[in-house]
Amino acid sequence: MTFLSRFWYGASVQTKYLLIIVPAALLLTIGGGAVRQSIAAERVLTMASEQFEEVGRRTALALSQEYWNYNTAQARAIMQSLMLIPTVVRVSSQELAQGVEVANSPFTFNFEDVELVDDDPSEQRTLHFPIQVKREQAEPETVGRFTIVYSLAEQNRRNRWVMMVTLITTAFAASIVIAILTYALNRAILLPIGRVSDSAGQSDADFVPIPLNTGDQLGRLVTAFNELRARHIESTRLLQAARDEAVAANAAKSAFLAMMSHELRTPLNAVIGYSEMLKEELADEGVTPTTMSDLDKIKSAGKHLLELINSVLDLSKIEAGKIELEIGSVSVQQLVDYATSTVHPLIEPNGNRLVVQVPPDIGQIDSDPTRLRQVLLNLLSNAAKFTRQGVITLTARREQAPGQPEQLIFDVQDTGIGMTPEQQGRLFQAFVQADSSTTREYGGTGLGLVISRRLCQLLGGDVTVTSVPGQGSCFTARVATQSHTQTTRG
Ligand SMILES: Nc1ncnc2c1ncn2[C@@H]1O[C@H](COP(=O)(O)OP(=O)(O)OP(=O)(O)O)[C@@H](O)[C@H]1O
Ligand SMILES: [Mg+2]
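Residues numbered from 1 in each chain as written. Chains lettered and ligands numbered in written order. Predicted model: local features only at pLDDT ≥ 70, side-chain atom pairs only at ≥ 80, totals over all residues. Heavy atoms only, no water.

### Overview of the confidence of the model for the protein
Defined as follows: Residue-level confidence of the predictor, termed pLDDT, takes values from 0 up to 100. The contact definition used throughout considers only heavy atoms, calling two residues in contact when any of these lie within 4.5 Å.
Confidence in the prediction for the protein averages 89 pLDDT; 96% of positions are at 70 or higher. Note that pLDDT drops below 50 for residues 486-490; the model gives that stretch 14 contacts with residues more than four away or on any other chain.

What follows is the structure in C-alpha cells.
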C-alpha cells in the first residue's frame with residue numbers, strides 16, 4: 001500500500017468528503033467568477049475602442065471641414081479639446097499631398113499628455129483616420145491623416161482590482177457554504193452512522209437502541225439495526241439458555257453413567273467370582289463337561305460385560321473431567337512387550353502375523369503406564385479385529401518437531417478392511433462405529449477410539465489415522481515424553 005492509499009484507507013468520511021468537495025467547490029466558484037469577470041472586462045475594453053473609433057471618425061470629419069475653410073485655429077482647438085479626455089495619450093494630424101507628408105504645413109500639429117506618454121506602451125492603442133475633402137462631382141480626396149493614441153492602463157488596473165475583489169468574495173462565500181454543508185452532513189448522516197458503528201462494538205448488556213426518528217434511508221437503517229440487535233440479543237439469550245441446559249443434561253448423563261457403571265460392576269464381579277469358585281468346587285466333584293462349559297460361558301459373558309462397563313465408566317470419567325492420571329517412569333520396551341503378549345490371543349485366530357519394530361535405545365518416558373497400555377491394546381485389538389490373513393505392524397519412535405516438546409509415537413499398521421474418507425470422518429465419536437454394518441459383523445461398542453484419543457490428548461498428544469479401503473489402516477498415537485504434572489485430574 002502506498003502512503004496515499006494508506007492515508008485514504010484511514011481517513012474519516014468527513015475528511016474524505018472535505019477533500020473531494022472543497023477543491024471542487026472552490027474551483028467551480030472561483031473559476032466561474034474569474035471567467036465572468038474577464039468577459040466583463042473584455043466588454044469594457046471593446047466599448048472603449050468603439051468610443052474612440054467614433055470620436056476619431058467625427059474629429060477627422062470636423063478637421064476636413066476646417067481644412068476646407070482653411071481655419072487652422074479651429075482645427076487646433078478641436079484637437080486640443082480631445083486632450084481633455086483623461087485616457088488620450090496623443091493626438092496628431094499631418095497634411096498629406098498624394099499620400100506623402102507635407103513639411104511645415106499649418107495643419108500639421110501634435111498634442112500629447114506627458115504623464116500618459118510614460119505609460120506602458122503595450123497598453124496603448126493607436127487609431128488613424130484619413131482627412132478627406134470632396135470637390136464637386138469628384139471622388140473624395142485624402143488631404144491629411146488624423147491619429148489618436150489612447151491608453152487602456154487605467155481600465156486594465158481597474159479590471160484587475162475588480163477581478164481580485166470578485167475572487168476573494170466568491171472564495172469567502174464558497175467557504176461559508178462548504179462549512180454549512182459540512183455541518184449539515186455531519187448532523188444528518190455522519191453522526192447517526194457513527195452511533196451505529198459505536199453501538200455495533202458495544203456488548204449486548206450495554207446496548208441501548210439508537211434514537212433517530214427520520215423516515216429517510218438512514219432512519220430506516222438505524223431502525224433495522226436496532227431491531228437486528230434486539231433479535232440478536234434475544235437469540236443469544238436463548239442459545240445461552242439452551243447451551244446451559246445441554247451442558248447440565250450432559251453432566252447429568254455422565255454422572256448417571258458413572259454411577260450406574262459403578263453399581264453394575266459390583267454385582268458383575270460377584271457373578272464372575274462365584275462362577276470361578278463354582279468351577280473349582282465342581283471340578284473336585286467331577287461334574288459333566290457340559291456343566292463346566294456352561295460355567296465357562298457365564299464367566300466369559302460376565303468378563304465381556306465388565307469390559308464394556310469399564311469402557312463406559314472411563315468415558316464418563318473423561319467427559320466429567322474426573323479421570324486421574326498416574327504419571328511415572330515408563331519403560332517403552334516393557335510397555336510394548338506387555339501389550340503384544342496380551343493381544344497375542346486375538347492375533348492368531350484371524351490368521352494374522354504381528355511384527356514389532358522398536359529401536360533398542362527407545363528408553364523410558366514420563367507418562368501414565370496404565371493408560372498407555374489401554375491405548376495400545378485398543379489400537380492393536382482393533383487392527384486384529386478388522387484384519388484377516390494379514391500383517392499387523394507396531395512401531396515405536398521418538399520425534400521432536402522444532403520448538404515443540406519431544407513425543408513418543410506408536411504406529412499400528414494393518415492390512416485389513418481399511419476405511420473410506422467418510423468412515424474416517426465419523427471416527428473418534430462416542431458410540432459411533434465408522435460403519436454400522438461392521439458392528440454386526442465384528443461386534444464392539446465404538447468407545448475404544450474415543451477413549452484412546454482423549455487419553456492421548458490428556459497425555460500431551462493425539463491419535464490420528466490414515467486409511468485406504470480394502471488395503472488397511474495406520475493409527476498413530478502420540479504422547480509427550482515428559483509430563484509436567486505428576487498426577488493429573490484431566
Ligand atoms: N484398524 C481398523 N481397521 C478398520 N476399521 C477400524 C479399525 N479400527 C477402528 N475401526 C473402525 O472404527 C470403529 C470404532 O472403533 P472403536 O475401537 O472405537 O470401537 P469398536 O472397536 O467398534 O468397539 P470397542 O473398541 O469399544 O470394542 C470400529 O467399529 C471400526 O468401524
Ligand atoms: Mg476397538
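### So, the side chain of lysine 299
Defined as follows: In this description a helix means any DSSP run of H or I spanning at least four residues, a strand means any run of E spanning at least two, and both kinds are numbered starting from the N terminus.
Inspection of the secondary structure puts lysine 299 in helix α7 (residues 289-319). Dropping the residues within four chain positions of it, lysine 299 is found in contact with Ile272, Ser275 and Glu276.

### Re the nonpolar core
Within soluble globular proteins, side chains that are nonpolar generally end up buried alongside one another. Here is the rule we go by: Only buried Ala, Val, Leu, Ile, Met, Phe, Trp, Tyr and Cys residues count toward a nonpolar core, and they belong to the same one when joined by side-chain atoms within 4.5 Å. Between buried and exposed lies partly exposed: a residue is buried under 20% and exposed over 50% of the maximum accessible area for its type, with that area taken using a 1.4 Å probe on protein chains only.
Ranked by size, the top nonpolar core spans 44 residues in total, and within it Val332, Phe410 and Phe475 carry the most contacts. Contributions of two or more residues to this core are made by α7, α8 (332-347), α9 (369-385), β10 (391-399), β11 (407-414), α12 (448-458), β12 (462-468) and β13 (472-480). Among all residues touching phenylalanine 410, those that are not within four sequence positions of it are Val332, Leu335, Val336, Leu376, Leu394, Thr395, Ala396, Phe475, Thr476 and Ala477. Of all hydrophobic cores here, the second largest spans 24 residues; its members include Val91, Phe109, Phe129 and Val133.

### A short note on unusual backbone geometry
The phi angle at tyrosine 70 is positive, at roughly 60 degrees, despite the residue not being glycine. For asparagine 104, which is not glycine, the phi dihedral falls at a positive 55 degrees. Examined against the element boundaries, asparagine 104 turns out to sit in the loop between β2 (100-101) and β3 (109-112). The class for asparagine 104 is exposed, based on a relative accessible area of 79%.

### Overview of the pairing of β12
Put simply, the rule reads: When DSSP finds two or more bridges between a pair of strands, those strands are recorded as paired.
Going residue by residue along β12, you find Val463, Val465 and Ser467 tucked away on one face and Asp462, Thr464, Thr466 and Val468 left uncovered on the opposite face. Inspection of the sheet shows β12 paired to β13 by 7 bridges, in the antiparallel sense. Within the sheet, the bridge partner assigned to threonine 464 lies in β13 and is threonine 476. Here β12 folds back onto β13, and the loop between the two strands holds 3 residues, one of which, glycine 470, carries a positive phi near 85 degrees.

### Some words on a negative patch on the surface
The criterion, for reference: Patch members must show over 30% relative accessible area and no salt bridge, and they are joined within 9 Å when carrying like charges or within 5 Å when they are nonpolar side chains of Val, Leu, Ile, Met, Phe, Trp or Tyr. Using a 1.4 Å probe, the Shrake-Rupley method yields the accessible areas, and only the shown protein chains count as cover for residues. We count a salt bridge whenever a side-chain nitrogen from Lys or Arg sits within 4 Å of a carboxyl oxygen from Asp or Glu. As used throughout, the charge tally considers Lys and Arg to be positive and Asp and Glu to be negative, leaving His and the chain termini uncounted. For this purpose, a charge sits on NZ of Lys, CZ of Arg, CG of Asp or CD of Glu.
A contiguous patch of negative charge, built from Glu280, Glu281, Asp284 and Glu285, is present on the exposed surface. Structurally, glutamate 285 is set in helix α6 (residues 217-285).

### Describing the environment of alanine 396
As for its position among the elements, alanine 396 is in strand β10. Relative accessible area serves as the criterion here: at 3%, alanine 396 is assigned to the buried category. C-alpha of alanine 396 to C-alpha of arginine 145: the two residues are 251 residues apart in sequence and 125 Å apart in space. Other than its neighbours up to four places away in sequence, alanine 396 contacts Val332, Gln357, Val358, Pro359, Ile362, Ile409 and Phe410.

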